[in-house]
Amino acid sequence: MMTQYFDVGAIRKLFPAAEKIVYLDSGFQTPMSQPVKAALESFVAESYESAGPKSLWIERMERARAKAAALFNAAATEIAFTKNTSESMNIAANALPLKSGDNVLMIHGDHPNNTYAFLNLKRKGVEVRFIPMAEAVTAESFLPHIDARTRAISMSCVTFHAGHRFDIEGIGRLCREKNLYYVLDAMQAIGVTPIDAKKLGAAFIGCGTHKGLLVPQGLGLLYWNSKLTELEPAYLAAISLADPPADLVARPNDMAFAPTAIRFEIGNYNLPATQALGAALDLIESVGVGNIEAHCFGLGDRLIAGLDELGIGLVGPRARHLRAPHIYVAAIAAAEWVAYFESRNIRVSPERDGVRISLGMFNTEADIDALLAAIRAHGRAARAS
C-alpha cells in the first residue's frame, strides 16, 4: 500500500470526472473541481442578477493574486495576470534588455511556445542557441555554451513531452554567477511540485493555470523579480502605469511604469477565471504542494514497476531526482494506443515518443492498475488474434 499523504478519497470526490473515467491526462488539463465550479457559478449568478459587483470581483482577484504569490514564495506585487504561458513567455522575452548580437541559451526540443517567444527576437538581431536535450540538464550542460554575448537562459522546469525535471536551482546559481537573466516556464510544474522564485533567482517565471492550478484555460501568471526594475513592458495600457490618468486622457509626459508587476498587464482581466483561481488555490493549500508531489511520486513508482513488468519502456528519466512526479511517457505507439485507451474509458495524451500518462492529486492506485490492466488485455487480445 502507498503512503497516504492526505485523504485522497475525499479529494477525489471533489473531481466528479475522475469518478466517471480513469483520468490520467492532467498534463493536458485537469478536470474541474467542485470548488472551482462553485466559484464560477457564483460569478455567473452575480453577473446575471445584478450586472456584477465589480469592486468585489477585483477584491477577490487581488486575494487570488496574493495566494498565487505565496505559491511562488513571492510578493503579490511581483505577480501579473496574463492569458496563458505563451503570453507570459512573450512578455518576459520582450522585457529583457537584449540587443543585436546578444544570445539566449535554450534546450532543443523544449516547449515550442517558450522557444518561439525568443526565436521571434531574431528581428532584433538576437540569437537563440540550443543545447541538447538530455536526461539530466544541469549548470554544466549550459556552461560550455556561454560566451561574452550570452545574456539569458530560458527553459522549462519540467518537460511536457517526457517528464524531465531539470536542475533549475543549479542553473539558477550559474545565472547569478554569470550575471544572466533566468526565465522559467513552470506550466508543467506549478501546483504539483514546489517552485521557490527567490531560491531560483529567476527574473521571470510564467505559467498557465489549467493544469496543476486546476482552472480552465484562459488565465496565466507571470512572476517578475521586482528588484530588476530595468525589465520593462513591450506593450502599454493605462493600467500598466504608475499613475493611470483619472480622466482617461493619455499624456505622453506621464508614462512611468507601475512599480509592481501590474506594469506587464495590458487590459481587462479574466475576472471569472481569477475567482476560480482563488478557490483552486485554497484547495491546493489545504492539501499541500509537497503532499501532492509525494502522492504523485508514489503513483509514478507503481506505474514504472507495472510498465517494467509488461516490458514497456519509459521515454523519460526514471530516477526520482531527474523525473517530474506526475508526467510519464510509455514507449508505445500513440496512433494505436490512445484510441484503445479511450475505448476502455481511460484518458491519456499522445506524445512525441509514446503515450503520456499524467497524474493529479485525485488519482489513485486503482487508476494506475486500470491502465496496466488495459495494457495487459490489449496484449492478450493481440496474441489471441
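Residues numbered from 1 in each chain as written. Predicted model: local features only at pLDDT ≥ 70, side-chain atom pairs only at ≥ 80, totals over all residues. Heavy atoms only, no water.

(A) Representation of the sheet that holds strand β9 (residues 327-330). Taken together, the three strands give an open sheet; going across it, the order is β9-β12-β11, and neighbouring strands pair in antiparallel fashion. A strand with exactly one partner marks an edge of an open sheet, and here the two such strands are β9 and β11 (349-351). With direction set aside, neighbouring strand axes in the sheet form an average angle of 40 degrees. In terms of strand pairing, β11 meets strand β12 (residues 354-358) through three bridges, oriented antiparallel. Across the sheet, Glu 351 pairs through a bridge with Gly 354, a residue of β12. Strand contacts of helix α11 (residues 289-310): β9 and β12, with the helix running at about 10 degrees to β9, the strand carrying the most contacts. Against the sheet, helix α12 (residues 334-343) contacts β11 and β12, and its axis sits at roughly 40 degrees relative to β12. (Pairing = 2+ DSSP bridges. Helix = DSSP H or I, 4+ residues; strand = E, 2+ residues; numbered from the N terminus. Axes fitted to C-alpha atoms, helices over the stretch in contact; angles between N-to-C directions. Contact = heavy atoms within 4.5 Å.)

(B) Structural view of the pattern of salt bridges. What the rule picks out here adds up to 22 salt bridges. In this structure, the salt-bridge partner of Asp 367 is Arg 12, at a minimum N-O distance of 2.9 Å. On the criterion of sequence distance, the pair formed by Asp 367 in helix α13 (residues 365-384) and Arg 12 in helix α1 (residues 8-12) is long-range, its members being 355 residues apart. The class of Asp 367 is buried, set by a relative accessible area of 3%. Ionic pairing is found between Lys 67 and Asp 282, a salt bridge with its closest N-O pair at 3.0 Å. With a gap of 215 residues between them, Lys 67 in helix α4 (residues 54-71) and Asp 282 in helix α10 (residues 271-287) connect regions that are remote in the sequence. Judged by its relative accessible area of 36%, Asp 282 is partly exposed. A cluster of three or more residues bridged by salt bridges with shared partners is formed by Arg 12, Glu 19 and Asp 367. (Salt bridge = Lys/Arg side-chain N within 4 Å of Asp/Glu carboxyl O. Buried < 20%, exposed > 50% of the residue type's maximum accessible area, 1.4 Å probe, protein only.)

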